[in-house]
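Structural features, examined
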Amino acid sequence: MNCVQSTKKIMSKTKEDVFARRALTTIFTALLIDILAFTIILPLFPRILNYYNTVDGPDDSTFYSAIHAQVSSFRGWIGGTESRLDIVLFGGFIGSLFSFLQFVASPWIGSLSDVYGRKNVLLISMIGNAVSMLLWIFSKSFFIFVLSRVVGGLTEGNVQMSIAMISDITTPETRSKGLALVGIAFSLGFTVGPPIGAYFASIDLLETFPWLKAYGINAFSSPAIFALILIVIETIYMALYLPETLGFKKENLTTTTTTNGATTNSPKKTKKEPAVKNSKSVNNSKKTSTESTLKLLSLIHFLYLFCFSGMEFTLTFLTYDRFGFSNSQQGKYLATLGVVAALVQGGYVRRVAHKTVTEKAIVIQGMVSCAVGLFVIGNMAKGGSGYGGVWLYVGAGFLAFTSGTVVTTLTSLASLTATGAKTEEYDENPRNISENQGRILGSFRSAGQLGRSMGPLAACSAYWILGSAASYSMGSIAIASLAVMMSLTVPDVALPGKRKKE
């Protein structure tokens, strides 16, 4: 009978692994398509804003003119004198708006997925994404364009749901490896998506079909149409192939046991623990500790993305001011960052996280690398010097390592904490469950999105008030301080080689 039970257990484990592999493949493919659609617009912001400046700018009663007046006032408040800064701040406003709306929506999307299922909520959010792209296609005015960004910001849920679904189907040992796929998808998407957007932006439908202008078609409808096509393909693909992952671990926590010839389902037993661990006081203590750690991780996530996304946003301005980079040179520089980050995700994080190096250690490594990279770029990568261009790419290498490590492993650490993985000691039971995982991870991502929404405006202000060298040095010090805070305050998740204490 033991042999039969062992065989059933092996078969069940094999089915679990097959399900997880297929689900991960589907999640990664859908996420990559989604990020391609999302990044198509990124290199177009300056030209889109210039377009609406021409279309809506002359009329003081338009929404564009009202926002432009506020941006100009803000420029004067921070001491900016050049009108070209308006486009920079305008772009920061649009980018910050999207991230702020994600900050608002993420906890709600996560909570709904805990109740109605990841797949159902994700498919509904894809309808919102499609509506956003439709509005962009027919955005004859700046107001409609901004409305498309508002709808997209409130309904975008693919990244968040991908993180939740991967957390559903992975164990603590494979969590970081699985979540690294999110980072790889981002790196590839940010490498390929912007050039695609630039290509389709060169196709002006109004030149061939001028009569379409009456229906709201504009000079940038071509990239919007292609993005909509990607969204439709992604939605159909997920509807057909994406499995529901909510409850996956709970279903697999039961095994078949036999007593006097009768077969029943009972919870899978783990190592016997002292009776005191079952007491209400211990459980409450663990819950309080978990909540405190999650709040601390959310704070670090907010502070990190506030600093990093802000400095990242000013990077193209620095390369333009110091080196006079053209659009193609900017694309090459950013593509280098994306490719190296993808290699770090696949070649380092997926191989060592939770195996030989803890998630906490990888986060700290990434933060230290970021501090070094910002210092190098701000103080050593100077135009006109013989090695200025070399130092610029050296700094990019450090920042790429940061992009490939920090957010992925910080998210993994939050997921492990949310699902009850032991800290400071290894837990042999890998199937830890949190029925509120979607809400918890949604709130965690929300904190990061708030930082991402505030960082660019703050960094742009510092850049123009203090100069590039001073602002990048301040960013370096801030990230280094955050690494120290991470080291001193965040508990670690022990590696499998360390057995839990009796």
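All figures in this text were calculated on a predicted structure; none of them were measured in a lab. (Residues numbered from 1 in each chain as written. Predicted model: local features only at pLDDT ≥ 70, side-chain atom pairs only at ≥ 80, totals over all residues. Heavy atoms only, no water.)

Regarding the overall build of the chain
In plain terms, the rule: Each helix is a run of DSSP H or I of at least 4 residues and each strand a run of E of at least 2, with the numbering of both proceeding from the N terminus. Buried, partly exposed and exposed residues are distinguished by accessible area as a fraction of the type maximum, computed with a 1.4 Å probe on protein chains only: under 20%, between the cut-offs, and over 50%, respectively. In this analysis, two residues are considered to be in contact whenever any of their non-hydrogen atoms come within 4.5 Å of each other.
Helix and strand content of the chain: 17 helices and two strands. Taken over 502 residues, the chain has a buried fraction of 50%. In the chain, the proportion of contacts linking residues at least 24 apart, taken out of those at least 6 apart, comes to 82%.

With respect to the pattern of salt bridges
The condition is simple: By convention in these notes, a salt bridge is any Lys or Arg side-chain nitrogen within 4 Å of a carboxyl oxygen on Asp or Glu.
For the structure on display, the rule yields two salt bridges. Taking the shortest distance from any N to any O, the salt bridge between Arg-118 and Asp-168 comes out at 2.9 Å. Of this pair, Arg-118 sits in helix 5 (residues 118-137) while Asp-168 is found in helix 7 (residues 158-169), placing the two residues 50 residues apart along the sequence. Judged on exposure class, the residue Arg-118 and its partner Asp-168 are both buried.

Observations concerning the packing of aromatic side chains
The test is simple: Two rings belonging to Phe, Tyr or Trp (six-membered ring only in the last case) form a pair when the distance between their centres is within 6.5 Å. Interplanar angles under 30 degrees mark stacking, angles over 60 mark edge-to-face geometry, and anything in between is tilted.
For the structure shown, the criterion picks out 20 aromatic pairs. The rings of Tyr-51, Tyr-52, Phe-63, Tyr-64, Phe-142, Phe-143, Phe-145 and Phe-220 are connected pair by pair, giving a single aromatic cluster.

Quick look at helix 2 (residues 45-55)
The test is simple: In this description, one arc is meant: the one made by directions from the helix axis to the C-beta atoms.
Residues of helix 2 that are buried include every one of Phe-45, Ile-48, Leu-49, Tyr-51 and Tyr-52, and no others. What you see down the axis of helix 2 is that its buried residues fit within an arc of 155 degrees, all on one side.

With respect to a nonpolar patch on the surface
What counts is decided by this rule: For patch building, the residue pool is restricted to those with more than 30% relative accessible area and no salt bridge; the joining distance is 9 Å between like charges and 5 Å between nonpolar side chains (Val, Leu, Ile, Met, Phe, Trp, Tyr). Here, Shrake-Rupley sampling with a 1.4 Å probe gives the accessible areas, and only protein chains in the shown set may cover a residue.
Where nonpolar side chains cluster on the molecular surface, the patch consists of Val-368, Val-372, Phe-375, Met-380, Tyr-387, Val-390, Trp-391, Val-394 and Phe-398 and spans about 770 Å² of accessible area. Sorting the residues of the nonpolar patch by element identifies helix 14 (359-379) and helix 15 (388-418) as the ones contributing at least two each. It is helix 15 that provides the largest number of residues to the nonpolar patch, a total of four residues. In this structure, Trp-391 sits in helix 15. The exposure class assigned to Trp-391 is partly exposed, which follows from its relative accessible area of 32%.

Regarding empty space enclosed by the protein
We apply this condition: Residues are called lining when one of their atoms sits within 4 Å of a cavity or pocket point, these points coming from a 1 Å grid over the protein atoms alone, where a cavity is a set in which a 1.4 Å probe fits but cannot get out and a pocket is an open set with protein on both sides within 12 Å along at least five of seven lines. Grid points are joined across faces, edges and corners, and a volume is the space filled by probe spheres set on the points. The residue classification treats Ala, Val, Leu, Ile, Met, Phe, Trp, Tyr, Cys and Pro as nonpolar and Asp, Glu, Lys and Arg as charged. All others, Gly included, are polar.
Applying the stated rule across the entire model yields four cavities of 30 Å³ or more. Of the voids in this model, the largest cavity is the one considered here, and its volume is about 180 Å³. The wall of the largest cavity is formed by 14 residues, among which Phe-38, Phe-98, Ser-132, Met-133 and Arg-149 lie closest to the centre. For the lining of the largest cavity, the secondary structure elements donating two or more residues are helix 1 (2-39), helix 5 and helix 6 (142-155). Here the lining of the largest cavity takes four residues from helix 5, the largest share from any one element. Partitioned by chemical class, the residues of the lining of the largest cavity number seven nonpolar, four polar and three charged.

Details of the confidence of the model for the chain
Detail in the predicted coordinates should be disregarded across regions flagged by low pLDDT. Short version of the rule: Predictor confidence is given residue by residue as pLDDT, running from a minimum of 0 to a maximum of 100.
Mean pLDDT over the chain stands at 82; residues scoring 70 or higher make up 81%. Under a pLDDT of 50 for its full length, residues 6-11 has, in the predicted model, zero contacts with residues more than four places off or in other chains. Segment residues 253-277 is flagged for pLDDT under 50; beyond a separation of four residues in sequence, or across chains, it makes 32 contacts in the model.

Digging into the nonpolar core
To keep it simple, the criterion reads: For our purposes a nonpolar core is just a set of buried Ala, Val, Leu, Ile, Met, Phe, Trp, Tyr and Cys residues, chained together by side-chain atoms within 4.5 Å.
Core analysis: the biggest nonpolar cluster contains 110 residues, and Trp-136, Phe-142, Met-367 and Met-486 have the highest contact counts within it. No other element matches helix 12 (residues 280-323), which puts twelve residues into this core.

A word on the packing of helix 7 against helix 16 (residues 437-466)
The packing of two helices is summarised by the inter-axis angle and the distance between the axes. Cut-off, in case you're wondering: Interaxial angle, 0 to 180 degrees, is taken between N-to-C directions of lines fitted to C-alpha atoms, where a helix line uses only the stretch in contact. Geometric relationships in this document are graded by angle, where less than 35 degrees denotes roughly parallel, more than 145 denotes roughly antiparallel, 65 to 115 denotes roughly perpendicular, and other angles denote oblique. By convention the crossing between two helices is left-handed if the near helix lies anticlockwise of the far one by an angle smaller than a right angle, and right-handed if it lies clockwise.
For the pair helix 7 and helix 16, the least separation of the axes is 10 Å and the interaxial angle reads 135 degrees. Classified by the interaxial angle, the pair formed by helix 7 and helix 16 is oblique. The element helix 7 and its partner helix 16 pack so that their crossing is right-handed. The segment helix 7 lies against helix 16, with Val-159, Gln-160, Ile-163, Ala-164, Ser-167 and Asp-168 engaging Gln-437, Gly-438, Leu-441, Gly-442 and Arg-445. Residue composition of the contact of helix 7 with helix 16, grouped by class: four nonpolar, five polar and two charged.

Structural notes on helix 14
Threshold: Multiplying 1.5 Å by the helix residue count minus one yields the expected span of that helix.
With 21 residues, helix 14 should cover 30 Å at 1.5 Å per step; its first-to-last C-alpha distance of 30 Å lies within 8% of that length. Of all 21 residues in helix 14, 15 are buried; the element is thus mostly enclosed.

Digging into the packing of helix 15 against helix 16
In contact at an axis separation of 10 Å, helix 15 and helix 16 are set at 145 degrees when each is read in the N-to-C sense. For the pair helix 15 and helix 16, the crossing hand works out as right-handed. Residue-level inspection shows Leu-410, Thr-411, Ala-414, Ser-415 and Ala-418 of helix 15 in contact with helix 16, the latter providing Gln-437, Ile-440, Leu-441 and Phe-444. Partitioning the contact of helix 15 with helix 16 into residue classes produces six nonpolar, three polar and no charged.

A look at the side chain of Thr-39
Here is the rule: Nitrogen and oxygen atoms within 3.5 Å of one another constitute a polar contact, given that in protein one can donate a hydrogen and the other can accept it, and given that sequence-neighbouring residues count only through two side-chain atoms.
Topologically, Thr-39 is positioned in helix 1. Given a relative accessible area of 0%, Thr-39 falls into the buried group. Here the side chain of Thr-39 touches Leu-36 through a polar contact of 3.3 Å, landing on its backbone oxygen.

Here's the deal with the environment of Gly-397
Within the fold, Gly-397 resides in helix 15. Counting along the chain gives 60 residues from Gly-397 to Leu-337, while the straight-line C-alpha distance between them is 6.9 Å.

Let's talk about the state of the cysteines
The condition is simple: Two cysteine sulfur atoms form a disulfide, by the criterion used here, when they sit within 2.5 Å.
Counting across every chain of the model gives zero disulfides. For the unlinked cysteine Cys-307, the closest cysteine sulfur is that of Cys-370, found at 8.3 Å. Accessibility expressed as a relative area gives 18% for Cys-307, which makes it buried. Note on Cys-370: relative accessible area 0%, which makes it buried.

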